[in-house]
Amino acid sequence: MKNTALSPESRQQSLKDGFLLLFLLSAATLACLLLDPYVSLTSLSMLYVLAVVLASYKLGRRESVLAAFAAVVALNFFFVPPRWTFQVERSEHFIALLTMLVLALVINHLASGMRRETEMARLNERRARQLQNLAIALADADTPQAVQRLTQSALDAAFNGTNILALLDADTKELDFPTALSHVVQDGLRCCLKEAAILGAGTGRWTELDAWYIPLGEQRQGRELSGAVCIQTVAGDDESGREHAVALCSMVAQSLWRLRLSAAMQAAQNEAQRQQLQGIFLAAISHDLRTPLAVVVGAASALQLQHDKLSMLEKQRLLTSIVNEAGHLANLTENTLQLVRLSNSTQALTRDWESMEEIIGSVLARIKHYDSGRRIVSKVQYSLPLVRVDAVLISQLIGNLLENALKYTDATIHLVVSLETQATGENMLVAVKDRGPGIAEVELATIFDAYSRGDHSERSGQRGSGLGLAVCRAIAQAHGGSLILRRRSGGGSSFILSLPLTLEQPFTLGEQP
Ligand code: ADP
């Protein structure tokens, strides 16, 4: 159904046009009255023609035709003898008035054509600029919601009526309507999506509607449509408006398609990474588990088969090697499983509000038997805030770093906990510093990779799997933090764990249970 009621804006515009028309004719009449004693009737008629030209340039077609007729009537009434009447006595005056009317109408036709062309050129320029700006903004949009927001504001800026953008839900394959929509609009959007074609005024389909329904995308080469747009209160003959709407929608459809492709690529990449990790996992199991298992099986069968023949010392040696190898196997398995678990999802975390002081205390108690020389010196800043972490994993991380430091150095090891304020917020830092052999410059980039071992450990025959630091970094990243390594001036390494602190705390200090 066509909407014929005038909007408040167009009513205001008509009123303005009426005033301008009245002003132009009054000004022409006043000028003619002033010049009347000095100039001929032909010259006066030219002043009225000038008013008609101005009216044609400034006003709509209907108003300017009215101006042409009103100008002829005014000239006749005020200046053509007999004055102050609508009569025309002499035929030459009648011909002059008729000529003036034709002249005014021709000028009017030309001027309003020119005006229309100028307006159209301006409108096209504005639309081209809008498409350009939208293309730039869409290039930065990284979610369908961001594209939806940009599209909605572009549609609202370009078309005065109500504009509706409905995206297709990837799971349900149904259109996602923003609000409660009328059944006509819902049917229009669904039908446009089903037919993958534009519908509505002037399109050749559903022409009785005063809206356009435009699909987002084209159904070709297996591509799916992303949704549909409804632009309400439009005119069937507004071809350039429709072209603009179609161009805008095709730009949006391309942007949505690009997002869909990159999401699919990301999923494929994740899957490839997962498979690669599984491959590494299997390779590690086959390589690293086989050797200690062979030692355990060998020592255990020697104890079983030659129990009576072996001396006490030999039995002790075999038992020690079984315990050591089994410990190594347990460590290796735990680290490998942890790495796989953390790489697959961050939901492996069981976070709670924890005190870092308590976590450090439990780690130190656990590794006490490795630190017979009491070489670990801890320094924890006073009244630290609580951290929301998985205490088991953070203990494992700090424990791994301390065990490494104990393994690779004989000197004192410093464990320092402090706070750091950055532009992005406050962080809690846990640093493990030692004066050991340090890590060579060339190894810095890969030392956190799984199964990567330092050259000095391989040479010294130091036992290890190259998984500890990989697990540590994975734990730090799963908490949204980071683990970095700094070479210390004067020798040694400094491993620094940085955990972001959330602003809100479960309770204020002093209230703690
Ligand atoms: P692992 O210790 O089992 O070999 P990690 O992942 O814990 O595996 O460590 C990887 C490598 O990093 C080690 O082989 C070692 O060369 C080096 N590394 C780790 N911590 C230290 C440290 N504190 N001092 C010197 N080198 C270290």
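That block above? That's the structure.
Presented here is an overview of the structure given in this document. (Residues numbered from 1 in each chain as written. Predicted model: local features only at pLDDT ≥ 70, side-chain atom pairs only at ≥ 80, totals over all residues. Heavy atoms only, no water.)

### Focus on the overall build of the protein
Step number 1: Across its full length, the protein holds 12 helices and 12 strands.
Step number 2: Since a compact globule built from 513 residues should have a radius of gyration of about 24 Å, the 42 Å found for the protein marks it as more spread out than a globular shape.
Step number 3: Dimensions of the protein, computed from the C-alpha atoms along their principal axes, are close to 150 × 50 × 45 Å.
Step number 4: Expressed as a percentage of its 513 residues, the buried residues of the protein come to 38%.
Step number 5: Residue pairs at least 24 apart in sequence account for 64% of intrachain contacts in the protein once pairs closer than 6 positions are excluded.
Step number 6: Of the roughly 30000 Å² that the protein leaves accessible, carbon and sulfur atoms contribute 57%. (Helix = DSSP H or I, 4+ residues; strand = E, 2+ residues; numbered from the N terminus. Rg over C-alpha atoms; globule rule 2.2 N^0.38 Å. Buried < 20%, exposed > 50% of the residue type's maximum accessible area, 1.4 Å probe, protein only. Contact = heavy atoms within 4.5 Å. Areas by Shrake-Rupley, 256 points an atom, 1.4 Å probe, with all protein chains shown as cover.)

### A word on the packing of helix α9 (residues 356-366) against helix α10 (residues 391-408)
Step number 1: One can describe the packing of α9 onto α10 by two numbers: an axis separation of 9 Å at closest approach and a directional angle of 50°. Taken together, the axis directions place α9 and α10 in an arrangement best described as oblique. Our pair here, α9 against α10, has a crossing hand that is right-handed. Contacts between α9 and α10 involve M356, I359, I360, S362, V363, L364 and R366 on the former and, on the latter, A391, I394, S395, Q396, I398, G399, L402 and E403. (Axes fitted to C-alpha atoms, helices over the stretch in contact; angles between N-to-C directions. Parallel < 35°, antiparallel > 145°, perpendicular 65-115°, else oblique. Left-handed = near helix turned anticlockwise from the far one by under 90°.)

### A word on the side chain of H244
Step number 1: With respect to the helices and strands, H244 occurs in helix α7 (residues 239-305).
Step number 2: The class of H244 is buried, set by a relative accessible area of 5%.
Step number 3: Side-chain polar atoms of H244 contact the side chain of Q130, separated by 2.7 Å.
Step number 4: The residues touching H244, leaving out its near neighbours within four places in the chain, are R127, Q130, L131, A158 and F159. (Polar contact = N/O pair within 3.5 Å; in protein donor to acceptor, adjacent residues only side chain to side chain.)

### Here's the deal with the pairing of strand β1 (residues 163-168)
Step number 1: The element β1 is largely enclosed, with a buried count of 6 among its 6 residues.
Step number 2: Here β1 shows no split at all, with N163, L165 and L167 on one side and I164, A166 and L168 on the other all buried.
Step number 3: Two elements, β1 and strand β5 (residues 227-232), share 5 bridges in a ladder whose sense is antiparallel. Bridging across to β5, I164 finds its partner in C230.
Step number 4: Bridge count between β1 and strand β2 (residues 175-176): 2 bridges; the pairing is antiparallel. Residue pairing across strands places L167 opposite D176, the latter belonging to β2. (Pairing = 2+ DSSP bridges.)

### Topic: the sheet that holds strand β10 (residues 425-433)
Step number 1: Taken together, 5 strands build an open sheet; the order of strands is β7-β9-β10-β12-β11 and the sheet is mixed. Edge strands, defined here as strands with exactly one partner in the open sheet, are β7 (376-380) and β11 (482-487). Taken over all neighbouring pairs, the strand axes of this sheet differ in orientation by 20° on average, direction set aside.
Step number 2: Direction of pairing for β10 relative to strand β12 (residues 493-500): antiparallel, over a ladder of 7 bridges. When the sheet's bridge partners are listed, N427 is paired in β12 with P500.
Step number 3: Packed onto the sheet, α9 meets β7, β9 (413-422), β10 and β12 and runs at close to 160° relative to β9.
Step number 4: Its contacts with the sheet put helix α12 (residues 468-478) on β11 and β12, and the angle it makes with β11 is roughly 130°.

### A closer look at the site of the ligand
Step number 1: Close to the ligand lie 21 residues; N404, R453, S457, S465 and L469 are nearest.
Step number 2: A distance of 3.3 Å separates an oxygen atom of the ligand from a polar side-chain atom of K407.
Step number 3: G454 places a main-chain nitrogen or oxygen 2.9 Å from an oxygen atom of the ligand.
Step number 4: The protein chains hide 97% of the 530 Å² of surface that the ligand would expose on its own.
Step number 5: Of all the secondary-structure elements, those providing two or more residues to the shell around the ligand are α10, α11 (455-460), α12 and β12.
Step number 6: The leading source of residues in the shell around the ligand is α10, at 4 residues. (Near = heavy atom within 4 Å.)

### Here's the deal with the packing of aromatic side chains
Step number 1: Within this structure, the stated rule accounts for 8 aromatic pairs.
Step number 2: On the basis of an interplanar angle of 90° and a centroid distance of 6.1 Å, the ring pair of F159 and W212 is categorised as edge-to-face. Of the two residues, F159 sits in the loop between α5 (144-158) and β1 while W212 sits in strand β4 (residues 211-216), which places them 53 residues apart along the sequence.
Step number 3: A residue is classified by how much of its surface remains accessible, and F159, at 7% relative accessible area, is buried.
Step number 4: A residue is classified by how much of its surface remains accessible, and W212, at 0% relative accessible area, is buried.
Step number 5: Taking 6.3 Å as the distance between ring centres and 80° as the angle between the ring planes, the aromatic pair formed by F448 and F495 counts as edge-to-face. You can see F448 sitting in the loop between β10 and α11 and its partner F495 sitting in strand β12, a full 47 residues away along the chain. Grouping residues by exposure puts F448 and F495 together as buried.
Step number 6: Put simply, the rings of Y48, F77, F78, F79, W84 and F86 pair up and form one aromatic cluster.
Step number 7: Note that R473 overlies the ring of F448, its terminal NZ or CZ placed 4.0 Å from the centroid. (Phe/Tyr/Trp six-rings, centres within 6.5 Å; stacked < 30°, edge-to-face > 60°. Lys NZ or Arg CZ within 6 Å of the ring centre and 35° of its normal.)

### Describing the pattern of salt bridges
Step number 1: Inspection of every chain in the model, using the stated rule, returns 10 salt bridges.
Step number 2: For R115, the salt bridge is made with E119, and the minimal N-O distance between the two is 3.8 Å. With R115 and E119 both in helix α4 (residues 91-140), this residue pair falls 4 residues apart, about one helical turn.
Step number 3: On the basis of relative accessibility, which here comes to 19%, the residue R115 falls in the buried class.
Step number 4: Residues R260 and E224 are paired through a salt bridge, measuring 3.4 Å at the closest nitrogen-oxygen approach. Placement of the pair is R260 in helix α7 and E224 in the loop between β4 and β5, with a sequence separation of 36 residues. (Salt bridge = Lys/Arg side-chain N within 4 Å of Asp/Glu carboxyl O.)

### Let's talk about the pairing of β9
Step number 1: One ladder, built from 5 bridges, connects β7 with β9; its direction is parallel. Note that in β9 the partner of S378 across the bridge is L415.
Step number 2: Direction of pairing for β9 relative to β10: antiparallel, over a ladder of 9 bridges. Along β10, the bridge assignment pairs V417 with V430.
Step number 3: A loop of 2 residues connects β9 with β10, the two strands running antiparallel in sequence.

Read these as layout, nothing more, since geometry by itself doesn't imply function.
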